[in-house]
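Results of the structural survey
So you can see what is in the structure, the chains are spelled out below.
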Amino acid sequence: MQYDRFNSPVPATFIRCNLPVKPGKSDYEPREYFILTIISYIGSGSTGNVHGATMELLGVDGTVHSYANAVVKFASKPDQRQRLRHEFKVYERLKPLGITCIPEVFGLFKDVEGDTLALAMTHCGESLASRRPNLQESAFYLSKEERDKFVEGLQSIHAQGFRHRDIRPENLLVTKDGSAKIIDFDRASLDSSEGTREREMKHLVEVLDGLDYAAVGVEFVSLRSFCQSESASTATSEGWEDSADNSDGSDVKGESKETSGEDSESSDVSSESSEDGWSGAA
């Protein structure tokens, strides 16, 4: 950990979950572990704290490879660890299905001296929420191309039967190359109904179409006018804060609510009964 007033001379050791355990750290070859350095604090949520990080690992050819744009989410409390395991499980199931609108995940790791879990993944850029001029306004900037990519991304997730269950600007990110990414799947349902997926898609459209637009170097369009021309419904002036997802199992701050009917579907959160094994260091 190297940022602000923090400077850890001795690194903590994390082991990759669900792999066979070796007797000790000395039994690992340099190519069997990587060094992860925490360099910044990004934020915190109901699942844990999120930090920016760098990674360094030794390739099989002896070459040192560095990755300067990683993110690590730490979960220390029992309920947080359970949610982080579930989030990792969702990513692992979506990845082989060709879903590209999610982060690339490096693995889920466990502290050898405690119960803290760490989920390491790529940094996906800026959130739509960060594009607000200030926190008192719901308006921010989004191009039509970016908007379409978010819709297509959620469609690809829904096509596999998954539902995110926490769609909001903080969880919608745009990378430096303009790709759309959806993050924080700790509440996701792995076997959702068609009706709940349709309502979630409607909610995403309301989030995206309730925005203001401006030309910033490229051609931007007003989605409010665009959707009217396509005979689509427009969002309310309150934007995402008055969204349909509030009746969809979570509120705008990401805290769960009591639900009934289809919206009470289980998020299929995995238990912490699985064993953890050695591999990797941070």
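Here the residue numbering is sequential within each chain, running from 1 through the sequence in written order. It should be noted that, the model being predicted, local features are given only for residues of pLDDT at least 70 and side-chain atom pairs only at 80 or more, the latter also being counted only at that level, while totals for whole chains, interfaces and linings use all residues. The side-chain numbers reported here are obtained from all heavy atoms of the structure, hydrogens and water having been left aside.

Turning next to the overall build of the chain. For the chain, the helix and strand inventory stands at 4 helices and 11 strands. Exposure is judged per residue with a 1.4 Å probe applied to protein chains only, and the accessible area is read against the type maximum: over 50% gives exposed, under 20% gives buried, and values in between give partly exposed. Put simply, the chain has 282 residues, and 47% of those count as buried. When contacts within the chain are restricted to residue pairs at least 6 apart in sequence, those whose partners lie at least 24 apart make up 69%. All accessible-area figures derive from a Shrake-Rupley calculation using a 1.4 Å probe, and residue coverage is judged against the displayed protein chains alone. Approximately 14,400 Å² of the chain is accessible, and the part contributed by carbon and sulfur atoms is 48%. Only DSSP runs of H or I covering at least 4 residues are called helices, and only runs of E covering at least 2 are called strands; the numbering of each starts at the N terminus. Contacts between residues were defined by any pair of non-hydrogen atoms, one from each residue, lying within 4.5 Å.

Packed helix pairs are specified by the crossing angle of their axes together with the interaxial distance, meaning the distance between the axes. Closest axis-to-axis distance for the helix H2 (residues 144–158)/helix H3 (residues 194–209) pair is 11 Å, and the angle between their directions is 165 degrees. By the angle between their directions, the pair H2 and H3 is classed as roughly antiparallel. Between H2 and H3 the crossing geometry is right-handed. When H2 is examined against H3, the residues Arg147, Phe150, Val151, Leu154, Gln155 and His158 are found in contact with a partner set consisting of Arg197, Glu200, Met201, Leu204, Val205, Leu208 and Asp209. Each residue gets one of three labels, nonpolar for Ala, Val, Leu, Ile, Met, Phe, Trp, Tyr, Cys and Pro, charged for Asp, Glu, Lys and Arg, and polar for the others, Gly among them. Classifying every residue of the contact of H2 with H3 gives 7 nonpolar, 2 polar and 4 charged. To get an axis, fit a line to the C-alpha atoms, keeping to the stretch in contact for a helix; angles then go from 0 to 180 degrees between the N-to-C directions. Throughout, the term roughly parallel applies to angles under 35 degrees, roughly antiparallel to angles over 145, roughly perpendicular to angles from 65 to 115, and oblique to all others. By the definition used in this description, the sense in which the near helix is turned from the far one sets the handedness, with an anticlockwise turn below a right angle giving left-handed and a clockwise turn giving right-handed.

We define the nonpolar core as a collection of buried residues of types Ala, Val, Leu, Ile, Met, Phe, Trp, Tyr and Cys that are connected through side-chain atoms lying within 4.5 Å of one another. Formed by 40 residues in total, the largest nonpolar core has its most connected members in Phe150, Ile182 and Phe185. Only strand E6 (64–75), helix H1 (78–94), strand E7 (105–111), strand E8 (117–122), H2, strand E10 (172–174), strand E11 (180–182) and H3 provide two or more residues apiece to this core. In terms of residues, this core owes the most to one element, H1, which gives 5 residues. Beyond its immediate stretch of four places on either side in the chain, Ile182 contacts Cys101, Ile102, Pro103, Phe150, Gly153, Leu154, Ile157, His164, Ile167, Asn171 and Leu172. Judged by nonpolar contacts, the second largest core, of 12 residues, contains Ala53, Ala70, Ala118 and Ala120.

Looking now at the confidence of the model for the chain. Across the chain, the average pLDDT comes to 74, with 62% of residues at or above 70. Here helix H4 (residues 223–229) stands out as the least confident element of the chain, with mean pLDDT 37; E11 is the most confident, with 98. On a range of 0 to 100, pLDDT expresses the predictor's confidence in each residue. Below pLDDT 50 for its whole length, residues 211–264 participates in 96 contacts with residues either more than four positions away or in separate chains. A low-confidence stretch, residues 270–282 (pLDDT under 50), is modelled with 60 contacts involving residues beyond four sequence positions or located in other chains.

Within the secondary structure layout, Ser192 lies in the loop between E11 and H3. Reaching out from Ser192, the side chain makes a polar contact with the backbone oxygen of Gly161 at a distance of 3.0 Å. Each polar contact in these results corresponds to two N or O atoms within 3.5 Å; when the atoms are within protein, one needs to be able to donate a hydrogen and the other to accept it, and residues that are neighboring in sequence are counted only if both atoms are side-chain atoms.

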